[in-house]
Amino acid sequence: MSIKLNSEAFDDGGLIPVKYTCDGEDISPSLSWSELPDGTSSLALIMDDPDAPGGIWVHWILYNLPPSTDRLDENMARSADVPGGGSQGSNSWNRLGYGGPCPPSGTHRYIFRLYALDTVLDLVSGAEKTDLFQAMEGHVLDQGQLLGLYSR
């Protein structure tokens, strides 16, 4: 992993502020990245919680972001289309866009993964994580990761 993925809201391995959770405003944090590999045709982002009691809980999916994009602003609209290009997928609540951390108990890990792809994916808005992974297969050039923690 050589893509550098960061947030102005929290440090890698740090606590996600309440503002970005179901206990606060439940808005998406800003993210920025650098060091995309040559040949990147699109980007995909997945945020999930591997500590959810019923299995991995998907909080946010974006794909077909243009490689010229180097950031996502705070409080992204929960719509099918991403300003500047790209689409948002369906999270585990079966809603488009971001759904913040909301663990039932304990401290959970929230992993943001950014993928550089060598193609633009043939997916409609609202795709689920399994659809995204299937479409990305064989097209991942590199990835970056950011870890946030939250407990209620």
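Use the structure listed above.
Just so we're clear, the structure is a prediction, and the values are computed from it rather than from any experiment. (Residues numbered from 1 in each chain as written. Predicted model: local features only at pLDDT ≥ 70, side-chain atom pairs only at ≥ 80, totals over all residues. Heavy atoms only, no water.)

Q: How should the overall build of the chain be read in this particular structure?
A: For the chain, the count of helices and strands is one helix and nine strands. When the helices and strands of the chain are placed in sequence order, the string is β-β-β-β-β-β-β-β-α-β. For the chain, the C-alpha radius of gyration of 14 Å lies close to 15 Å, the compact-globule estimate for 152 residues. Summarising its shape, the C-alpha atoms of the chain cover approximately 40 × 30 × 25 Å along the three principal directions. Buried residues in the chain amount to 45% of all 152 residues. (Helix = DSSP H or I, 4+ residues; strand = E, 2+ residues; numbered from the N terminus. Rg over C-alpha atoms; globule rule 2.2 N^0.38 Å. Buried < 20%, exposed > 50% of the residue type's maximum accessible area, 1.4 Å probe, protein only.)

Q: Could you clarify how one ought to interpret the nonpolar core in this entry?
A: With 24 residues, the main nonpolar core has Leu31, Trp33, Trp60 and Phe112 as its most contacted residues. The element best represented in this core is strand 8 (residues 107-117), accounting for four residues. (Core = buried A, V, L, I, M, F, W, Y, C linked by side-chain atoms within 4.5 Å.)

Q: Can you help me understand the side chain of aspartate 142 in this one?
A: Examined against the element boundaries, aspartate 142 turns out to sit in strand 9 (residues 140-151). No salt bridge is formed by the buried aspartate 142, whose closest oppositely charged neighbour, lysine 4, lies at an N-O distance of 8.4 Å. (Lys, Arg positive; Asp, Glu negative; His and termini not counted. Salt bridge = Lys/Arg side-chain N within 4 Å of Asp/Glu carboxyl O.)

Q: Can you walk me through the sheet that holds strand 9 in this structure?
A: Each strand in a sheet pairs with its neighbour through backbone hydrogen bonds, running either in the same direction (parallel) or in the opposite one (antiparallel). Ordered in space as 2-9-8-4-5-7, the six strands form an open sheet in which the pairing is mixed. Two strands lie at the open edges of the sheet, namely strand 2 (14-15) and strand 7 (87-88), each paired on one side alone. Of the strand pairs in this sheet, strand 5 (residues 57-65) and strand 7 are connected by two bridges, and their pairing is antiparallel. Note on strand 7: the bridge partner recorded for leucine 62 is glutamine 88. Where helix 1 (residues 129-136) meets the sheet, it contacts strand 4 (42-49), strand 5, strand 8 and strand 9, and its direction lies at approximately 140 degrees from that of strand 4. (Pairing = 2+ DSSP bridges. Contact = heavy atoms within 4.5 Å. Axes fitted to C-alpha atoms, helices over the stretch in contact; angles between N-to-C directions.)

Q: Whenever I open this one, the sheet that holds strand 1 (residues 4-6) confuses me. Can you help?
A: Spatially, the three strands line up as an open sheet ordered 1-3-6, and their pairing is antiparallel. The open sheet is flanked by strand 1 and strand 6 (71-72), the only strands paired with a single partner. Direction of pairing for strand 1 relative to strand 3 (residues 31-34): antiparallel, over a ladder of three bridges. Across the sheet, asparagine 6 pairs through a bridge with serine 32, a residue of strand 3.

Q: I keep staring at the pairing of strand 4 and nothing clicks. Help me out?
A: Looking along a regular strand, one sees side chains alternate from face to face of the sheet. In terms of residue burial, strand 4 counts as a mostly covered element, since eight of its eight residues are buried. Taking every second residue as pointing to the same face, both faces of strand 4 are buried, with Ser42, Ala44, Ile46 and Asp48 on one and Leu43, Leu45, Met47 and Asp49 on the other. Both strand 4 and strand 8 contribute to a ladder of seven bridges, which runs antiparallel. Bridge pairing links methionine 47 to phenylalanine 112 in strand 8. Pairing analysis gives six bridges linking strand 4 to strand 5, with the strands arranged antiparallel. Looking at strand 5, one finds that aspartate 48 is bridged to valine 58.

Everything listed here is a matter of coordinates, which is why it stays silent on function.
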